[in-house]
Amino acid sequence: MREQHAADGLAALGNRTRLRLYRLLVRAGDDGLNVGDLQRLLEVPASTLAHHLAMLARAGLVAQERRGREVVSRADYPAMRALVGYLTEQCCSGVRLQEDDEAA
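Residues numbered from 1 in each chain as written. Predicted model: local features only at pLDDT ≥ 70, side-chain atom pairs only at ≥ 80, totals over all residues. Heavy atoms only, no water.

Details of the environment of N15
As for its position among the elements, N15 is in the loop between α1 (3–13) and α2 (16–28). Since its relative accessible area comes to 24%, N15 is described here as partly exposed. Along the backbone, N15 and V71 are 56 residues apart, and their C-alpha atoms lie at a distance of 23 Å. Of note is the side chain of N15, whose polar atom sits 3.0 Å from the backbone nitrogen of R18. (Helix = DSSP H or I, 4+ residues; strand = E, 2+ residues; numbered from the N terminus. Buried < 20%, exposed > 50% of the residue type's maximum accessible area, 1.4 Å probe, protein only. Polar contact = N/O pair within 3.5 Å; in protein donor to acceptor, adjacent residues only side chain to side chain.)

Some details on empty space enclosed by the protein
Under the definition given, this model contains one cavity of 30 Å³ or more. There is about 30 Å³ of room inside the largest cavity. Lining the largest cavity, in full, are M1, H5, A6, G9, A59, L61, A79 and L83. Every element with two or more residues in the lining of the largest cavity is listed here: α1 and α5 (77–88). If you tally residues by element for the lining of the largest cavity, the top one is α1, at three residues. (1 Å grid on protein atoms, 1.4 Å probe; cavity = no way out; pocket = protein on both sides within 12 Å on 5 of 7 lines; lining within 4 Å. Points joined across faces, edges and corners; volume = space filled by probe spheres on them.)

As for unusual backbone geometry
At E43, a residue that is not glycine, the phi angle is positive and equals roughly 55°. Positionally, E43 belongs in the loop between α3 (35–42) and α4 (46–58). Exposure remark for E43: the relative accessible area of 70% places this residue in the exposed category. Phi angles above zero are rare outside glycine, and C92 is one such case at about 60°.

Laid out in structure tokens, this is it:
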């Protein structure tokens, strides 16, 4: 994952409503939730929900598809794992300070 892509994903999640929305979709699993159910569960106006879903979709964290007359949104789990992986890929590997380089 490129740094800019990770920054875009984190920026999209940096809003309380979008974070709640995304966590709800993660809990919903592969079946996702239709927009009406999301609106009721989050208690947000349709236009607000549409804005937040669009932001998450642009960041690649949410996929939307039409099923008959409904629009269903679901978390993109590979994208979520890639973002978490980017954040943790060098976990606890140590940091070499430039001063250490000069002392050697």
